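Coordinates in review
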Amino acid sequence: MKKVIVLFAVFTILFSLVGHKKEDPIADTIDDCAVSFAKAYLVNNFEYNPYTTYYISERLKEPKENLTQFPRYYYVYQKENILFCIVLYSSIKNNAGTMTFPYMGQFIYSELIDEATTEALKKYNYYTGKNNINEEIKLTNIKNVNVYKNEHSQEIASMIEQLLVEMSHKKIRKTKYTKDDKFYIKNPIKDYTIVIEDDKNISINEKLIYPLFMNDKVIALYEFYPNGNVAYSLNVGKDNIYNEAYSKSDKFIFVHGGNYPYLKTYCLFGDEQLDNETINEMLNDPIFIRVKEKLDQILNSIQPYEMLIEIEINET
């Protein structure tokens with residue numbers, strides 16, 4: 001009898017292994033990225049109605065013979081109406097400014113696609129399964145808004161300063177300059193991302209971005225993980241939001257709407273005159289209405305960004 005039970009168990013396991021193909025683990029990350037984009041874009045760009053059911057399609061088939069892992073496409077619906085279409089890509093670089101998900105040494109990021117591609121996908125995908133994501137973006141029951149600071153220990157702060165000097169020298173070597181030009185790094189810019197954790201909790205996550213200046217212009221930005229490792233480095237031109245912010249004040253923060261920094265970015269100075277128009281726009285957004293009190297507290301505590309490190313140039 002025991003032998004019969006053992007054999008039955010073995011066959012059951014074998015049957016389950018054969019009958020259920022294990023999905024590629026990256027599929028979950030792809031789906032998470034697409035759903036997060038849909039959540040944030042709905043809230044920021046449509047008249048979000050908590051009593052309306054929204055859907056996101058299963059991953060769509062590409063209108064090509066040879067299917068590849070990327071790009072991947074999704075529809076987002078309101079009832080039967082397609083509101084927009086999302087495309088996901090993969091890159092070895094962190095595509096700053098879009099919603100990115102790290103995965104196995106690469107980054108997965110999402111964007112809207114053009115109408116022509118959307119129409120082509122509609123013709124090719126006659127039937128698409130839909131997953132209800134309404135519960136994941138419901139804001140009516142939000143109870144808690146928490147701010148998470150990105151604080152470094154003294155040891156990590158010293159490590160970061162050393163890395164900043166090294167990376168700055170690499171950037172400067174690729175830059176045209178004269179002996180009269182000055183290079184320096186200021187205290188990190190405070191950058192906040194609002195994340196809808198669930199239907200009762202929102203978090204405001206702080207990032208610290210160190211700006212490298214050439215004279216009075218930001219020419220590079222450096223972010224670090226809490227353990228001191230480099231999260232990303234970004235080269236910037238003269239016409240960018242950081243230089244624009246510094247041209248108005250040495251005291252400001254950036255705030256990103258939705259789940260990740262991708263479409264709407266607000267710059268606040270803690271100054272009634274500078275912030276008046278921006279605050280009015282933000283208060284039309286259901287997320288910012290929920291977090292206004294916490295943002296006011298952050299604005300009241302910000303200090304001017306002062307010089308942290310002066311980079312010495314070794315003339316040859």
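Check the entry above for the structure.
Each value, and the rule that gives it
- Residues numbered from 1 in each chain as written.
- Predicted model: local features only at pLDDT ≥ 70, side-chain atom pairs only at ≥ 80, totals over all residues.
- Heavy atoms only, no water.
- Helix = DSSP H or I, 4+ residues; strand = E, 2+ residues; numbered from the N terminus.
- Buried < 20%, exposed > 50% of the residue type's maximum accessible area, 1.4 Å probe, protein only.
- Contact = heavy atoms within 4.5 Å.
- Areas by Shrake-Rupley, 256 points an atom, 1.4 Å probe, with all protein chains shown as cover.
- Expected span 1.5 Å × (residues − 1).
- Arc of directions from axis to C-beta.
- Phe/Tyr/Trp six-rings, centres within 6.5 Å; stacked < 30°, edge-to-face > 60°.
- Lys NZ or Arg CZ within 6 Å of the ring centre and 35° of its normal.
- Core = buried A, V, L, I, M, F, W, Y, C linked by side-chain atoms within 4.5 Å.
- Salt bridge = Lys/Arg side-chain N within 4 Å of Asp/Glu carboxyl O.
- Pairing = 2+ DSSP bridges.

1. Digging into the overall build of the protein
Counting its regular elements, the protein contains seven helices and 15 strands. Within the span of the protein, comprising 316 residues, buried residues form 43% of the whole. Sequence-distant contacts in the protein: of pairs separated by 6 or more residues, those separated by 24 or more amount to 63%. Entry remark: accessible area of the protein is about 18,800 Å², with carbon and sulfur atoms responsible for 50%.

2. Considerations on helix 4 (residues 154-173)
Every α-helix winds through 3.6 residues per turn, so residues three or four apart in the chain are directed the same way. With 20 residues, helix 4 should cover 28 Å at 1.5 Å per step; its first-to-last C-alpha distance of 29 Å lies within 8% of that length. If you check which residues of helix 4 are buried, you get Ile156, Ile160, Leu164, Met167, Ser168, Lys171 and Ile172. Relative to the axis of helix 4, the buried residues are bounded by an arc of 130° and lie together on one face. The exposed set on the far side of helix 4, more than 90 degrees from its buried face, consists of Glu155, Gln162, Lys170 and Arg173. Contacts made by the buried residues of helix 4 are with strand 8 (183-186), strand 10 (201-214), strand 11 (217-224), strand 12 (230-235) and strand 15 (307-311).

3. Looking at helix 6 (residues 272-282)
What helix 6 keeps buried is the set Asp275, Thr278 and Met282. Each buried residue of helix 6 sits inside an arc of 65° when the element is viewed along its axis, so together they form one side. Along helix 6, exposed side chains directed more than 90 degrees from the buried face belong to Glu272, Gln273 and Glu277.

4. What about the packing of aromatic side chains?
Two aromatic rings, taken as a pair, are described by how far apart their centres are and by the angle between their planes. What the rule picks out here adds up to 13 aromatic pairs. Relative to Tyr305, the ring of Phe252 has its centre 5.1 Å away and its plane inclined at 85°; by these criteria the two rings are edge-to-face. Here Phe252 is found in the loop between helix 5 (241-248) and strand 13 (253-256), whereas its partner Tyr305 is found in the loop between helix 7 (286-301) and strand 15, with 53 residues between them in sequence. Like Tyr305, Phe252 is buried. One aromatic cluster is present, formed by Tyr184, Phe213, Tyr242, Tyr246, Phe252, Phe254, Phe269 and Tyr305 through successive ring pairs. Lying over the aromatic face of Phe213, Lys186 brings its terminal NZ or CZ to 5.1 Å of the ring centre.

5. What to know about the nonpolar core
Ranked by size, the top nonpolar core spans 35 residues in total, and within it Ile189, Phe252 and Ile253 carry the most contacts. Mapped onto this core, the elements with two or more residues apiece are strand 9 (189-196), strand 10, strand 11, helix 5, strand 13, strand 14 (265-268) and helix 7. With six residues, the top contributor of residues to this core is helix 7. If sequence neighbours within four positions are ignored, Ile253 has contacts with Lys190, Tyr192, Tyr266, Cys267, Leu268, Ile298, Leu299, Ile302 and Tyr305. The next biggest cluster of nonpolar side chains, apart from the first, holds 20 residues, and it includes Phe70, Tyr74, Ile86 and Leu88.

6. Some details on the pattern of salt bridges
Where charged atoms from two side chains of opposite charge come close, those side chains can pair. Overall, the coordinates contain six salt bridges when judged by the stated rule. In this structure, Glu206 and Lys149 form a salt bridge, with 3.7 Å as the shortest nitrogen-oxygen distance. Here Lys149 lies in the loop between strand 7 (144-148) and helix 4 and Glu206 lies in strand 10, a separation of 57 residues in the sequence. Residue class for Lys149 comes out partly exposed when judged on its relative accessible area of 39%. Here Asp296 makes a salt bridge to Lys292, at a shortest N to O gap of 2.8 Å. Separated by four residues within a single helix, Asp296 and Lys292 lie in helix 7, roughly one turn from each other.

7. Section: the pairing of strand 8
A regular strand carries its side chains on alternate faces of the sheet. Residues Phe183 and Ile185 line one face of strand 8 and the alternating positions Tyr184 and Lys186 line the opposite face, and both faces are buried. For strand 8 and strand 15, the ladder comprises four bridges, and the chain directions are antiparallel. For Ile185, the partnering residue across the bridge sits in strand 15 and is Ile309. Bridge analysis of strand 8 against strand 10 gives three bridges, and the strand direction is antiparallel. When the sheet's bridge partners are listed, Phe183 is paired in strand 10 with Met214.

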